[in-house]
Amino acid sequence: MSKIVTRKARFELEADGFSIHTFEISRRLTKSEWNHCKEKLYDQNQISSKICIYQESKGVHRVSQYEANGLRITLEHAHDQEDSRGYYVRMVVNPRKVIDPNASYIGIFPPEKSSITELQTAFHALLEQSAFNDQLDDYYLSRVDLCVNMRCDHKKIFREVVRVLRKLPTPPKYKRVSRKEKDKKKANKYNKHYIKFQCGTHSLVIYDKTYQATEQGLRVDYEDLPEGVLRFEVQYQRSVLRGLEKKLGTDNPSELLWFLIQKSEKRICKHFEQCFADVQFCQIEEIEKRITGSKYEDQIKQTMLELTHRMQRKQSVDQALEEMQSEGFLVEDLLRKVHRLGFSPIPLWKNFCAQQIPGPVSLLRMISEGEVVIPYQKMK
């Protein structure tokens, strides 16, 4: 005779904690410097295919030689952006890979002061014989991605966390951005593992890092994936970094990177707290029970229940609210009223093994304190 036992799934902070994953450095060039650099690279390309420079689009030339070492370099002639016209070299830097090309793409910049020195040294060694300036601090920061990785030891629970998170409502003043590719089927598959909200100064991103890391290789299906790694990112654009330069009185990339590494935990948690309600994901029966037992008027209760039932099928809360509004439902302030009851209107799968899963705000808060434990039931 089988019996039900309660087990515990865990989300644990990856060893590097909160830090930086990727950043972009830029350097403005004169027209003659830009042309000299470009011509030198194309001349070298004739001699050795290792240089691999090619025209990516109008005014943009991509250098792929250093990509295995964590550097994606472009020469850019910007003539249509009012605030950044001119000639530039831009480098998207994965600092962990620059220091150690054999490092995993899941790994992030170790949050120690010595990492900055290691990066400067490795950057210089990598570009010393190249057409580019080999001093990291001669550039300026044009983008920085703060991030944290958390690993889940239970495949089904990890998969459910990813599924409910991608249905989250778009925060005010943000827009939801999906990944676009020529292969729409591939893009749709990727977007099931990825959610991005963007405003003028920064973006908030949550995604299944394990899927992204294996998607390029042989393992694509969930059944073949190792333990799940969930990543939260805050991607700062140039305007935020410019403000930080003024505040700190320096435009030195190394100093700014160290400052942001130290503040990464506080900043990531704060951004997500400001944009999302601190609520739990529950099973449909629990949501119905809380709604019907609440003090709201019957009409509001019915509208809340309608939203919850639609969220069993819809791809996002935005989509469900828009559809309901077009059908005449009063949805203004509805989401805030639901959140006041302590749960998200996005229900877990019916008969799912766990009764509750923390929302993004609690996940980040609890992972900062150690680990996140999610009780679940199993037949034995």
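What you are looking at is a predicted structure, and each value in this text was computed from that prediction instead of being measured. (Residues numbered from 1 in each chain as written. Predicted model: local features only at pLDDT ≥ 70, side-chain atom pairs only at ≥ 80, totals over all residues. Heavy atoms only, no water.)

1. Some points on the environment of Lys192
Right, so step 1: Relative to the assigned elements, Lys192 resides in the loop between helix H5 (184-191) and strand S8 (194-198).
Right, so step 2: Between the alpha carbons of Lys192 and Gln315 there is a distance of 9.2 Å; along the sequence they are 123 residues apart.
Right, so step 3: Every residue in contact with Lys192, bar those within four places of it in the chain, is listed here: Val162 and Arg166. (Helix = DSSP H or I, 4+ residues; strand = E, 2+ residues; numbered from the N terminus. Contact = heavy atoms within 4.5 Å.)

2. Notes on the packing of aromatic side chains
Right, so step 1: Following the criterion strictly, the structure yields six aromatic pairs and no others.
Right, so step 2: Centre to centre, the rings of Phe197 and Phe276 are 5.6 Å apart; their planes meet at 55°, and the pair counts as tilted. With Phe197 in strand S8 and Phe276 in the loop between helix H8 (253-275) and strand S11 (280-282), this residue pair connects regions lying 79 residues apart in the sequence.
Right, so step 3: Among the residues examined, Phe276 registers a relative accessible area of 7% and is labelled buried.
Right, so step 4: Grouped by ring-pair contacts, the aromatic residues Phe197, Phe232, Phe272 and Phe276 constitute a single cluster.
Right, so step 5: The aromatic ring of Tyr88 is capped on one face by Arg90, whose charged end is 4.3 Å from the ring centroid.
Right, so step 6: When the ring centre of Trp349 is taken as reference, the NZ or CZ atom of Arg163 above it lies at 4.0 Å. (Phe/Tyr/Trp six-rings, centres within 6.5 Å; stacked < 30°, edge-to-face > 60°. Buried < 20%, exposed > 50% of the residue type's maximum accessible area, 1.4 Å probe, protein only. Lys NZ or Arg CZ within 6 Å of the ring centre and 35° of its normal.)

3. Section: the domain arrangement of the chain
Right, so step 1: The domain architecture assigned to the chain consists of domain 1 (21-147) and domain 2 (279-379).
Right, so step 2: Centre-to-centre separation of domain 1 and domain 2, based on C-alpha positions: 44 Å. (Domains from an automatic or database assignment.)

4. Structural notes on unusual backbone geometry
Right, so step 1: Residue Lys173 is not a glycine yet carries a positive backbone phi of 70°.
Right, so step 2: Residue placement: Lys173 occurs in the loop between helix H4 (155-165) and strand S7 (175-177).

5. Quick notes on H4
Right, so step 1: Judged by how many residues are buried, H4 sits mostly within the fold: eight of eleven residues are covered.
Right, so step 2: Among all positions of H4, only Ile157, Phe158, Glu160, Val161, Val162, Arg163, Val164 and Leu165 are buried.

6. Details of the nonpolar core
Right, so step 1: The biggest cluster of nonpolar side chains holds 98 residues, and the ones touching the most others in it are Phe11, Phe23, Met91, Phe132, Ile157 and Leu230.
Right, so step 2: It is H8 that provides the largest number of residues to this core, a total of ten residues.
Right, so step 3: Apart from the residues lying within four places of it in its own chain, the contact partners of Met91 are Phe23, Glu24, Ile25, Leu71, Arg72, Ile73, Phe123, Leu127, Phe132 and Tyr139. (Core = buried A, V, L, I, M, F, W, Y, C linked by side-chain atoms within 4.5 Å.)

7. What about the pattern of salt bridges?
Right, so step 1: Throughout the structure, instances matching the rule amount to 18 salt bridges.
Right, so step 2: In this structure, Arg143 and Asp145 form a salt bridge, with 2.5 Å as the shortest nitrogen-oxygen distance.
Right, so step 3: Given a relative accessible area of 26%, Arg143 falls into the partly exposed group.
Right, so step 4: For Asp145, a relative accessible area of 2% gives the class buried.
Right, so step 5: In this structure, Asp278 engages Arg365 in a salt bridge whose closest nitrogen and oxygen atoms are separated by 2.7 Å. Within this pair, whereas Asp278 is found in the loop between H8 and S11, its partner Arg365 is found in helix H13 (residues 360-369), the two being separated by 87 residues in sequence. (Salt bridge = Lys/Arg side-chain N within 4 Å of Asp/Glu carboxyl O.)

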